[in-house]
Amino acid sequence: MIGFFPKLYKDETLYSWLARYHIRSNNSSYKSTLSDLFMKDTIVAITDFPCNLQTLCTEIGDMYKPRYLINQHTPLPYYSPFIKRGNYEKIIDLMESTNKNRVYAVLGLPAGNVPYPRHLRYCATCFIEDVNQYGEPYWHRIHQIPGVHICPHHLEILSESSVLSKRTVSNQKFHALSESINSPIHRNNLYSDKENEVLEVVALNSLKLLQEEINPIGLPNLRNYYISKLHDKELMTATSRIKFQELLPRFINFYGKNTLKLFGSNLNIDDKDTWLHRLLRKPKSSCHPIRHILFNTFLGDDIFSYKNINIKTPYYQPFGDSPFPCLNRASEHFLKDVISTVNITICSSTKQPVGTFKCNCGFVFSRRGPDLSKEDRYKVGSVKQFGEVWLEKVEELYNDGLNYSEIARQLKSNRATIKKYLFNENQKMKQHSNDYKHKSYKAKWSNLIVRNPDLSRTKLREQLPSVYMWLYRNDREWLLTNMPPKQKGCNKDINKVSWETRDYELAKKIELEAESLKKINNDGIVRVTVRSIGRELGVISMLENEIEKLPECKLMLAKVTETLKDFQLRRIKFRAKNLRDMGIEITPSKLIRNSALSTKIDGDILNSIEEEIYTPKN
Ligand SMILES: [Zn+2]
Ligand SMILES: [Zn+2]
């Protein structure tokens, strides 16, 4: 352990401190100083991000902690707000406990970036003041920061030493400022007023970055912050695109091309992929701090604004955050935030954003944006679609005896709209009843033919004139294929053949109908009986009264109809599946109640109930 070690001066670089130690140590070579400090003589003297700091701190008796050295005496705080969050801890780790000189790689600043100062620099006035105060000058951290050309304390142009600051040089020498410069040289300030103004702003902001020690903000958060600022400056389009065509000229004009060149951040007005584009697009890599400073200054902010970034600052959203409230008054979730997305388009005349909100209840509405207050969130511009829930409510109110105006008042709609929708519903009802009539007339007609195989077309027509006329007008095609063949006189053989044919054909229909009855999977589940089949086919009385003339049908009916027990078993399975689908736990009592079984239950039925409950189903 080293017995004596000099104290660090304010904002002194670690390199400067180690150089001063070397002078005091009376070591004959830098190599032996390095092995004193780092227990290794292969370490190089690094001017900005030295590594192996844990070893160093141990060797000097824990006079300082590595974190303290990093935050107070290396340039990391200058970079840290703008680097990827995960990389910050990696860099700390590299500097504390490795000797890998990889910090720049992890900082993630793309190549072709802001130039790094070639030599170590100093401020002549700081030099003199430090000699007066401490008896010796030292290398200041702020003077080595890229983009800082002026001392923020004295607003004096920095002077260059002959000590190379290039981090790539494998250098084992430490050069103290006192050894490098005998008497400080004040440099003339040849910059224009405008340039000086920006140089000062950059130097002061850089100093604040070093002092404030802001943790990484996160690249997406930084972008969100800039986007919301651009929105305030009206540099965003209504669809949340950056107006680069306006932004670029304004930015260049704000600084002037020559000033931007001083910071290696020149911009070309016609370029589509400048550093400014990369700074503001969805970020893949970090951007140099100097560019953040320049852009933030352009936005009218300083470094302190970075400390106050609300991590949740959203992208510019003309209708705010999702989910959005459903504004359907007929719905139970009225005003609740249930709509997850908004579709934004641009109004062609006003160029303002229009949001269309689509709710699962069928209600679709739009509103012109942007929303300017919280209340705007609950405003309907126009209704695009009312949907089922709304229509049902209108009907319900109408059936409750409310008139159009009263319904309109309750749903905050207008009388004409309510009337229109009720009328449309009425039309639908008519359509529905037409469908019903169609079905029943066809059944009546088929029934008539089957029961009267001997009747001619004319006679049949006389039996059911209105049915015939209706079918003739509305479904002539069907009617013509469901006519007996044209007769020329009466023929017993034809009669006989037609009975046989009909028996055979009807038996087929019975089989199909029984199958389709068993497929019913809603609450209309019915037992397959002679009556239920007859009802569906419109031939009840024939199946009941003339079955002896139809031997095929008789056989088929015996085969497909269900006994009460068959039906109960089928119904238990059906109800059990229903309960399972609804996620309801099945118990014997629930199943019995749902299957409408009487209290006297057959043993087979009980077995079936148990099977439904205790056998796992997919
Ligand atoms: Zn100074
Ligand atoms: Zn809704």
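What you see is a predicted model; the values in this text were computed from it and never measured.

Asker: Explain the coordination of the zinc ion (ligand 1) to me, and be specific about the residues and the numbers.
Answerer: Distances from the zinc ion (ligand 1) to its protein donors, Cys-123 (SG), Cys-126 (SG), Cys-151 (SG) and His-154 (ND1), fall within 2.1 to 2.3 Å. Geometry at the zinc ion (ligand 1) is tetrahedral, judged from the four donor atoms that bind it and their angles of 102 to 114 degrees at the metal. Donor residues for the zinc ion (ligand 1) sit on one chain with the sequence pattern C-x2-C-x24-C-x2-H. In this pair, Cys-126 is assigned in helix H8 (residues 124–134) and Cys-151 in the loop between H8 and strand S2 (159–164), connecting sequence segments 25 residues apart. We classify Cys-126 as buried; its relative accessible area is 4%. Residue Cys-151 is classed as buried on the basis of its relative accessible area, which comes to 0%.

Asker: Go over the side chain of Arg-377 with me, naming the residues and quoting the values.
Answerer: Examined against the element boundaries, Arg-377 turns out to sit in the loop between strand S7 (364–368) and strand S8 (382–385). Within the buried set, Arg-377 has no salt-bridge partner at all; the shortest N-O distance to an opposite charge, 4.2 Å, is to Asp-337. Every residue in contact with Arg-377, bar those within four places of it in the chain, is listed here: Phe-319, Gly-320, Asp-321, Pro-323, Phe-324, Pro-325, Leu-327, Asp-337, Arg-367 and Asp-371.

Asker: Describe the coordination of the zinc ion (ligand 2), with residues and values.
Answerer: By definition of the ideal shapes, four donors in a tetrahedron about a metal sit 109.5 degrees apart, and six donors in an octahedron sit 90 or 180 degrees apart. Donor atoms from the polypeptide that bind the zinc ion (ligand 2) are Cys-326 (SG), His-333 (NE2), Cys-359 (SG) and Cys-361 (SG), placed at 2.0 to 2.3 Å. Between the four donor atoms coordinating the zinc ion (ligand 2), the angles at the centre fall across 104 to 115 degrees, so the site counts as tetrahedral. Mapped onto the polypeptide sequence, the residues donating to the zinc ion (ligand 2) form the spacing pattern C-x6-H-x25-C-x1-C. Remark: Cys-359 occurs in the loop between strand S6 (353–358) and S7 and His-333 occurs in the loop between strand S3 (324–325) and strand S4 (337–339); sequence separation between them is 26 residues. You can call Cys-359 buried: its relative accessible area is 8%.

Asker: Could you give me a rundown of the environment of Ser-532, with the residues and numbers involved?
Answerer: In this structure, Ser-532 sits in helix H24 (residues 530–537). Sequence separation between Ser-532 and Thr-561 is 29 residues, and the spatial gap between their C-alpha atoms is 9.4 Å. Setting aside residues up to four positions removed in sequence, Ser-532 forms contacts with Leu-517 and Arg-527. One polar contact links the side chain of Ser-532 to the main-chain carbonyl oxygen of Arg-527, over a distance of 3.0 Å.

Asker: Please provide a residue-by-residue account of the domain arrangement of the chain, values included.
Answerer: Interface size is commonly expressed as the accessible surface area that is lost when the partners come together. Here the chain is partitioned into domain 1 (14–194), domain 2 (217–307), domain 3 (324–413), domain 4 (491–562) and domain 5 (565–614). Centre-to-centre, using C-alpha coordinates, domain 2 lies 69 Å away from domain 5.

Asker: Provide a residue-level description of unusual backbone geometry, including the pertinent values.
Answerer: The peptide bond linking Gly-369 to Pro-370 adopts the cis configuration, its omega dihedral lying at -5 degrees. In the Ramachandran plot, Asp-11 falls in the positive-phi region, its phi being about 60 degrees despite a non-glycine side chain. Here the phi dihedral of Asn-52 falls at roughly 60 degrees; this positive angle occurs in a residue that is not glycine. Looking at the element boundaries, Asn-52 is found in the loop between helix H2 (30–38) and helix H3 (53–59). The buried category is assigned to Asn-52, whose relative accessible area is 7%.

Asker: Help me get a handle on the pairing of strand S5 (residues 342–346), residues and values and all.
Answerer: Here S5 pairs with S6 via five bridges, running antiparallel. For Ile-344, the partnering residue across the bridge sits in S6 and is Gly-355. A loop of six residues connects S5 with S6, the two strands running antiparallel in sequence, and Lys-351 in this loop sits at a positive phi of about 65 degrees.

Reading the values: rules and limits
Residues numbered from 1 in each chain as written. Chains lettered and ligands numbered in written order. Predicted model: local features only at pLDDT ≥ 70, side-chain atom pairs only at ≥ 80, totals over all residues. Heavy atoms only, no water. Donors = N, O, S within 2.8 Å, 3.2 Å for Na, K, Ca; no water. Tetrahedral: all angles 85-135°; square planar, octahedral: opposite > 155°, others 65-115°. Helix = DSSP H or I, 4+ residues; strand = E, 2+ residues; numbered from the N terminus. Buried < 20%, exposed > 50% of the residue type's maximum accessible area, 1.4 Å probe, protein only. Lys, Arg positive; Asp, Glu negative; His and termini not counted. Salt bridge = Lys/Arg side-chain N within 4 Å of Asp/Glu carboxyl O. Contact = heavy atoms within 4.5 Å. Polar contact = N/O pair within 3.5 Å; in protein donor to acceptor, adjacent residues only side chain to side chain. Domains from an automatic or database assignment. Pairing = 2+ DSSP bridges.

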